[in-house]
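Structural characterization, general
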Amino acid sequence: MLETAIALIKDTGKKLGLADKQIDELIATDAEHDFEIKLKSGKQLQAYRVQHSNKLGPYKGGIRFHPNVNIDEVQALATLMSFKTAVAGLPMGGGKGGVVVNPKELTEAELEELSRKYVRGLHQHIGPDKDVPAPDVNTNAKIIDWMVDEFEQLSGDKSKASFTGKSIAKGGSLGRDAATGRGGVIVLRELLNMLSINNPVTYALQGWGNVGSFFALVSEAEHENWKLVAATDSSGGVYSRDAYSAKDLNEYKKTGNKLADYKSGQKISNEGLIGLDVDILVLAALEDAVTDKNVGQIKAKIVLELANGPVTYDAYKRLGADGKIVVPDILANAGGVIVSYLEWLQNKNEEHWPEDRVNRELENHLVKATDQVYELSKKDSMTLTEAAFAVAIKRLT
Ligand code: NAD
């Protein structure tokens, strides 16, 4: 993922006529913090926080607890965050954190100890006006609430603006859970309008998690003519030309079932989903889901990147050569960080907004960002990915 992010920045920087030195500066990170966390049980865990750029405002980005976390991944995600906040027009920078751990192997008490010790290791480098972390893979509002509490004890800061993704009771924002999926719907709707695609469209969705499920639910509520014909989770999934009800699939998943066991349709693997004959392929699971090995199977005309880095650089190039449209992650999944920013703003101003105000502000930010990216792509004959990076680069240089 790091290579993809760097290659995209280099490509676009060159198209914009930037000198190599300026491109190197865009890629370089401001600071990398790595430290060990020792739990009372004797377990020793490696922790990271990468601060990529604060040119536009405090560093912003999630903390991931996962056994595969490594410095390259954290660096790539931190870099993408700076470009994401920039393309969304937010007064925030980019950062990312992680701990090499499988949280399922920790007790609840160990998880709390880890979360608090992560903050103890970092508290001098973070804070409402320095670096504002948030949840990411395997971290959630409960973990963030512990972190905010620890930060408050260490720094005396009572604003709750030190982290976003808190529980509502502890200063979280309404609308945050659905924000990334809802944002994906807004970006896709704007794009289809600009491309004058008004007829019914079919889509296949990889990854029925937080992002994927809200994308499907909001699509169903707002766009009758977007038909969900296939969906997968890590077990595989199902396909039916008759289209699925997102609400039904969501109820089914909520009770702990696997999509591969769903009662209707044809069973498909995750690889099978990639090659389905649909209008739109929605990638909401993992990074590097589409590579040079499977890109040739894609029939969809539009690939919506809701996950971070789901299409490798080589695959992205091939999709472009095949005349397909990739909607880049830094735009398509920016809804999450936009509502995180709105949470930070509410905390700073000691406000708590109703959900419809949050959704309205999300809509305004994303419509503006999508229009800017689309207009630039038309004006300068760029792909949407290049145009999104170009909008961000202009703000970051
Ligand atoms: P999640 O853990 O809630 O969901 C991930 C889903 O992907 C799960 O349903 C899982 O079963 C499925 N999955 C795992 N491996 C798969 C595979 N090989 N094929 C198909 N499905 C598979 O995570 P999430 O919060 O929905 O995040 C998904 C992606 O979106 C990640 O890349 C994340 O970094 C990115 N993202 C999330 C947010 C957010 O607000 N949650 C914001 C921006 C980007």
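The structure this text deals with has already been given above.
Residues numbered from 1 in each chain as written. Predicted model: local features only at pLDDT ≥ 70, side-chain atom pairs only at ≥ 80, totals over all residues. Heavy atoms only, no water.

**Here's the deal with the packing of helix α6 (residues 176–194) against helix α13 (residues 355–379)**
Heads up, the condition is: An axis is simply a line fitted to the C-alpha atoms; with a helix, the fit covers only the stretch in contact. Between two such axes, the angle follows the N-to-C directions and lies from 0 to 180 degrees. Helical segments are the DSSP runs of H or I of at least four residues, strand segments are the runs of E of at least two, and each set is numbered from the N terminus. An angle counts as roughly parallel when it lies under 35 degrees, as roughly antiparallel when it exceeds 145, as roughly perpendicular when it falls between 65 and 115, and as oblique in every other case. Working rule for handedness: look at the near helix, and if it is turned counterclockwise from the far one by less than a right angle, call the crossing left-handed; if clockwise, right-handed. A contact between two residues is defined here by any heavy atoms of the two lying within 4.5 Å. Classification used: nonpolar for Ala, Val, Leu, Ile, Met, Phe, Trp, Tyr, Cys and Pro, charged for Asp, Glu, Lys and Arg, polar for all others including Gly.
Where α6 contacts α13, the axes come no closer than 9 Å and their chain directions differ by 45°. When the interaxial angle is binned, α6 and α13 end up oblique. Crossing handedness for the pair α6 and α13: right-handed. The residues of α13 that touch α6, namely those facing A179, R182, G183, I186, V187, R189, E190, L191 and M194, are N359, L362, E363, L366, V367, T370, D371 and Y374. Residues that form the contact of α6 with α13 fall into these classes: 9 nonpolar, 3 polar and 5 charged.

**Thoughts on helix α14 (residues 384–396)**
Rule in force here: Helix span, expected: 1.5 Å multiplied by one less than the number of residues in the helix. Each residue is assigned to one of three classes by its accessible area relative to the maximum for its type, calculated with a 1.4 Å probe on protein chains only: buried under 20%, partly exposed between the two thresholds, exposed over 50%.
The terminal C-alpha atoms of α14 lie 18 Å apart, and with 13 residues this matches the ideal 18 Å at 1.5 Å per residue to within 8%. Within α14, 11 of the 13 residues are buried, which leaves it mostly tucked inside the rest of the structure. Regarding α14, the residues found buried are L384, T385, E386, A387, A388, F389, A390, V391, A392, I393 and L396.

**Topic: the nonpolar core**
Using the following cut-off: Nonpolar cores are built from buried Ala, Val, Leu, Ile, Met, Phe, Trp, Tyr and Cys residues. Side-chain atoms within 4.5 Å join them into one set.
Counting residues in each nonpolar core, the largest one holds 105 residues, and the members touching the most others are F83, Y203, W208, F215 and L228. With 9 residues, α14 is the largest single contributor of residues to this core. With residues up to four places along the chain from it excluded, the contact list for F215 reads G181, G184, V185, L188, Y203, W226, V282, L304 and L306. Within the second largest apolar cluster, 23 residues are counted, among which are F35, V119, L122 and F163.

**Observations concerning the sheet that holds strand β10 (residues 280–283)**
Operational definition: Two strands qualify as a pair provided DSSP detects at least 2 bridges between them.
An order of β9-β8-β7-β6-β10-β11-β12 is seen for the 7 strands of this open sheet, with the pairing classed as mixed. The open sheet has two free edges, formed respectively by β9 (266–268) and β12 (325–327), since each of these has just one partner strand. Averaged over all pairs of adjacent strands, the angle between strand axes in this sheet comes to 20°, irrespective of strand direction. One ladder, built from 4 bridges, connects strand β6 (residues 201–206) with β10; its direction is parallel. Among the inter-strand pairings, L205 is bridged to a residue of β10, identified as V282.

**Thoughts on the site of the ligand**
Quick note on the threshold: Whether a residue is near a molecule or strand depends on its heavy atoms: it is near if one of them lies within 4 Å of it. Whenever two N or O atoms come within 3.5 Å, that pair is a polar contact, provided that in protein one can donate a hydrogen and the other can accept it, and provided that, for residues adjacent in sequence, both atoms are side-chain atoms. Areas reported here follow the Shrake-Rupley algorithm with a probe of radius 1.4 Å; residue values treat only the protein chains shown as occluding.
Taken together, 20 residues lie around the ligand, and T180, N210, V211, N270 and N308 are the ones closest in. Residue R176 places a side-chain N or O atom 3.2 Å away from an oxygen atom belonging to the ligand. Contacts to the ligand include S234, whose backbone N or O atom sits 3.0 Å from an oxygen atom. For the ligand, whose accessible area on its own is 820 Å², the fraction buried by protein is 74%. Every element with two or more residues in the shell around the ligand is listed here: α6, α7 (210–222) and β7 (226–233). Classifying every residue of the shell around the ligand by side-chain character gives 7 nonpolar, 10 polar and 3 charged.

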